Amino acid sequence: MKIKNICCIGAGYVGGPTMAVIAQKNPDIMVTVVDLDEDRINQWNEKELDKLPIYEPGLAKVISETRNRNLFFSTQIDNSIEKSEIIFISVNTPTKTYGDGKGMAADLKYVELCARQIARVAKTDKIVVEKSTLPVKTAEAIQDILNNTGNGVNFEILSNPEFLAEGTAMRDLAVPDRVLIGGNYKTKNGKKAMKSLVNIYESWVPKKNILTTNIWSSELSKLTANAFLAQRVSSINSLSELCEATGADVLEVAKAIGMDTRIGDKFLKPSVGFGGSCFQKDILNLVYIAKSLGLNEVAEYWHQVIKMNNYQRFRFAKNIIRSLYNTVNGKKIAFLGWSFKKDTNDTRESAAIYVADALLNEKAYISVFDPKVNSKKIMDDINSLGTRPENQNMKYLKFEKEPYKIADGAHAIAILTEWDEFKNYDWKRIFNLMNKPAFIFDGRNILDKIILEKIGFVYQGVGRR
Ligand code: UDX
Ligand code: ADP
């Protein structure tokens, strides 16, 4: 089937950048990204490119090249579904906050709504592509809804999980390690649908990097890839505590084991804990699936990765309190970074939120600076935990637009995100602004301990004495 129009439902961190690259590499295909959220669509249509709803290095350039050429952002969902041969579902699938599977299973409400909308609107055959990370066998549910509520047209479901990481999304999309397409290759229509999607990616991805599998392998591979990556971070973080207790240096250990080509050196950076919208959600999902199948040992094995991560965040906060003579009551702690990693404005599940919450419980004052996160997002994040009344959060948690402001009168600096610019700050000036002894808790090990100690700081990294 020759594809002329693509619709992507969901203009988020996945839908926006992915469709921008598909449009860039396929100038003869019209790509429309639709969303219920009118504000978000307006932001995607902003003339000033620094007002796009998400920050991702290199994204603005691709948007300026493609927008209104063959890439469009719109709230007219029905219209876009109707005219497209392929529809990507790229909506959010948060962890359920209610009912059966609460705190574990993925909430498929938004995906189901999309499926019902596609079924209602479609008057011609459609290829429906799962782009959101979904539990295994979701495709079956989508197929069921489409077949039972549709207008008698044919729907082919494909799973095409996105492996991009935030902060490097544009590079990950331009030169992906692999593109995974799961489908029903036992039927003629299934094969045809897979071929149509393969063709789109072949515009820029070498054939050997496009992997086709059955649909359940594809769904499970996405969950598993994230679980393995998160497991590496939890493994090195567990060793960071052992290193602190023994005097070994976790960076030296990571380097030594990473040089073993069987292990490899990626995802071995100790930190204050992983965040992001995927790792925790996907592992909890995996745990839930394993439990539902009665595979308790499998469930427990993966659950430990999350427990270790929660413990690492808590341990970081606890160490600040202990170092500041067992009380942070009334003291000012300066946070450098709030996003869950550098080069993104995404704060979902960021360690900063949980460290702040633990310190606020101890009545500390927290001042935050992050190059790309704004004050509203920070307040929304902390309020969403529901730990204390919002007016109390407002009183104790402050956001500053200028990094040196947060250091003024602070007892400690805590580095929560590894933004490059933090390394180049005038640390002597920061020292002079702070209360003494001036502590630095470097949750990302990005600063030079020797230089900082020379200035006079008491410096503590993760996993190193
Ligand atoms: C992840 C997967 O990498 C990506 O393939 C998938 O599509 C979505 O989930 P993302 O969450 O955007 O991507 O970022 P990632 O680079 O994986 O980092 C996740 C978290 O782990 C961040 O908080 C990061 O700071 C932390 N991390 C990562 C570490 O603490 N140490 C490391 O060595 C690597
Ligand atoms: P992700 O990181 O997976 O891209 P986001 O939360 O950034 O997740 O984006 C998901 C987007 O999907 C949001 O902008 C949300 O408004 C949109 N969305 C959710 N449900 C629907 C729906 N039924 N129709 C259209 N858009 C939807």
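Residues numbered from 1 in each chain as written. Chains lettered and ligands numbered in written order. Predicted model: local features only at pLDDT ≥ 70, side-chain atom pairs only at ≥ 80, totals over all residues. Heavy atoms only, no water.

1. Some words on the domain arrangement of the chain
Applied cut-off: Here the bounds of each domain stem from an automatic or database domain assignment. By the convention used here, residues are in contact when the closest approach between their heavy atoms is within 4.5 Å. Buried area: the sum, over both parts, of the accessible surface (1.4 Å probe) that disappears when the two are put together. Take a side-chain nitrogen of Lys or Arg and a carboxyl oxygen of Asp or Glu: if they are within 4 Å of each other, that pair is a salt bridge. Identification of polar contacts relies on pairs of N or O atoms within 3.5 Å, with a donor-acceptor requirement for protein atoms, meaning one able to donate a hydrogen and the other able to accept it, and with residues adjacent in sequence counted only if both atoms are side-chain atoms.
Domain boundaries assigned for the chain yield domain 1 (5–205) and domain 2 (238–461). Computed from C-alpha coordinates alone, the two centres of domain 1 and domain 2 are separated by 33 Å. Contacts between the two partners involve 21 residues from domain 1, matched on the other side by 20 residues from domain 2. In total, domain 1 and domain 2 occlude about 1500 Å² of area from one another, counting both sides; carbon and sulfur atoms represent 53% of this. For domain 1, the biggest contributors to the area lost against domain 2 are Tyr55, Met104 and Glu166; these three give 44% of the whole. Scanning the region where domain 1 abuts domain 2 turns up 1 salt bridge. Two residues, Arg348 and Glu166, come together in a salt bridge whose shortest N-O distance is 3.7 Å. At the boundary of domain 1 with domain 2, the tally comes to 7 residue pairs in polar contact (both at pLDDT 80 or more).

2. Description of the sheet that holds strand S12 (residues 412–415)
Applied cut-off: At least two bridges found by DSSP between two strands is the condition for calling them paired. The way it works is that DSSP assigns letters per residue, a run of H or I at least four long becomes a helix, a run of E at least two long becomes a strand, and they are numbered from the N terminus. Angles here are taken between N-to-C directions and fall from 0 to 180 degrees, while the axes themselves are lines fitted to C-alpha atoms, restricted in helices to the stretch in contact.
Spatial ordering of the open sheet is given by S11-S10-S9-S12-S13-S14, a layout of 6 strands whose pairing is parallel. Taken across any chain shown, the strands that pair with only one partner, and hence form the sheet edges, are strand S11 (397–399) and strand S14 (458–460). Within this sheet the neighbouring strands show an average axis-to-axis angle of 20°, counted without direction. Across the sheet, helix H13 (residues 351–361) lies against strand S9 (332–336) and strand S10 (365–369), angled at about 180° from S9, the strand it touches most. Sheet contacts for helix H14 (residues 375–384): S10 and S11; angle to S11, the most-contacted strand, approximately 160°.

3. Side note on the site of ligand 2
Note the threshold: The near set for a molecule or strand comprises every residue that places at least one heavy atom within 4 Å of it. Note that accessible areas follow from Shrake-Rupley with a 1.4 Å probe, and for residues the cover is restricted to the protein chains shown. Under the scheme applied here, ten amino acids are nonpolar (Ala, Val, Leu, Ile, Met, Phe, Trp, Tyr, Cys and Pro), four are charged (Asp, Glu, Lys and Arg), and all others, including Gly, are polar.
Contacts to ligand 2 come from 16 residues, most closely from Tyr13, Val14, Asp35, Arg40 and Arg348. Between ligand 2 and Val14 there is a distance of 2.9 Å, counted from an oxygen atom to a backbone nitrogen or oxygen. Asp35 is positioned such that a nitrogen or oxygen atom in its side chain is 2.6 Å from an oxygen atom of ligand 2. Its free accessible area being 580 Å², ligand 2 has 88% of it covered by the protein chains. Considering only residue class, the shell around ligand 2 consists of 8 nonpolar, 4 polar and 4 charged.

4. Some thoughts on the site of ligand 1
Looking at ligand 1, there are 20 residues lining it, with Phe163, Glu166, Ser271, Lys341 and Arg444 nearest. Lys269 is positioned with one of its backbone polar atoms (N or O) 2.8 Å from an oxygen atom of ligand 1. Residue Phe340 places a main-chain N or O atom 2.8 Å away from an oxygen atom belonging to ligand 1. About the coverage of ligand 1: the protein hides 90% of its 660 Å² of free accessible area. It is helix H9 (residues 215–246) that provides the largest number of residues to the shell around ligand 1, a total of 4 residues. Here the shell around ligand 1 is built from residues that sort into 11 nonpolar, 3 polar and 6 charged. Three or more residues apiece are contributed to the shell around ligand 1 by two domains, here domain 1 (5–205) and domain 2 (238–461).

5. Digging into the packing of aromatic side chains
Geometry of an aromatic ring pair is reported as the spacing of the ring centres plus the angle between the planes. Here is the rule we go by: Whether two aromatic rings pair depends on their centres lying within 6.5 Å, for rings of Phe, Tyr and Trp, where Trp uses its six-membered ring; planes under 30 degrees apart make the pair stacked, over 60 edge-to-face, and the rest tilted. Using a 1.4 Å probe on the protein chains alone, a residue whose accessible area is under 20% of its type maximum counts as buried, one over 50% counts as exposed, and one in between counts as partly exposed. Placement of a charge over a ring requires the Lys NZ or Arg CZ to be within 6 Å of the ring centre, with the centre-to-atom vector within 35 degrees of the ring normal.
Applying the stated criterion to the full structure yields 15 aromatic pairs. Measuring from ring centre to ring centre gives 5.6 Å for Phe422 and Tyr425, while their planes differ by 55°; the resulting arrangement is tilted. By the burial criterion, Phe422 is buried, and Tyr425 matches it. For the ring pair Trp427 and Phe457, a centre distance of 6.0 Å and an interplane angle of 75° mean the geometry is edge-to-face. One end of the pair, Trp427, is in helix H17 (residues 427–433); the other, Phe457, is in the loop between helix H18 (449–455) and S14, and 30 residues separate them in sequence. When its relative accessible area of 4% is taken as the criterion, Phe457 is described as buried. An aromatic cluster of at least three residues, connected via ring pairs, comprises Tyr404, Phe422, Tyr425, Trp427, Phe431 and Phe457. Arg178 extends its terminal NZ or CZ atom over the ring of Phe163, reaching a point 3.5 Å from the ring centre.

6. Some details on the pairing of strand S6 (residues 155–159)
The condition is simple: Assignment of crossover handedness uses the view with strands pointing away from the viewer, where a clockwise path from the first strand over the helix to the second indicates a right-handed crossover.
Burial of S6 is extensive: 5 of the 5 residues sit out of reach of the surface. Both faces of S6 are covered, namely the face carrying Phe155, Ile157 and Ser159 and the face carrying Glu156 and Leu158. Pairing of strand S5 (residues 126–130) with S6 involves 5 bridges; the strand directions are parallel. Among the inter-strand pairings, Val129 is bridged to a residue of S6, identified as Leu158. Considered for its hand, the β-α-β crossover made up of S5, helix H6 (residues 138–149) and S6 is right-handed.

7. So, unusual backbone geometry
The peptide bond linking Lys436 to Pro437 adopts the cis configuration, its omega dihedral lying at -5°. On the secondary structure map, Pro437 appears in the loop between H17 and strand S13 (439–442). One non-glycine residue with positive phi stands out, namely Asn68, at about 65°. In this fold, Asn68 is placed in the loop between helix H3 (59–66) and strand S3 (71–74). The class for Asn68 is exposed, based on a relative accessible area of 55%. Phi is positive for Tyr325, close to 60°, though the residue is something other than glycine. For Tyr325, the position within the fold is in the loop between helix H12 (296–323) and S9.

8. Topic: the packing of H9 against helix H11 (residues 279–292)
For the record, the criterion: Helix crossings fall into two classes, left-handed where the near helix is turned counterclockwise from the far one by less than a right angle and right-handed where it is turned clockwise.
It is at 9 Å that the axes of H9 and H11 come closest, and there the two elements cross at 115°. The two elements H9 and H11 cross, and the hand of that crossing is left-handed. Taking contact as the criterion, the partners of Leu220, Lys222, Leu223, Asn226, Ala227, Leu229 and Ala230 in H9 are, on H11, Phe279, Asp282, Ile283, Asn285, Leu286 and Ile289. The class makeup of the residues in the contact of H9 with H11 is 9 nonpolar, 2 polar and 2 charged.

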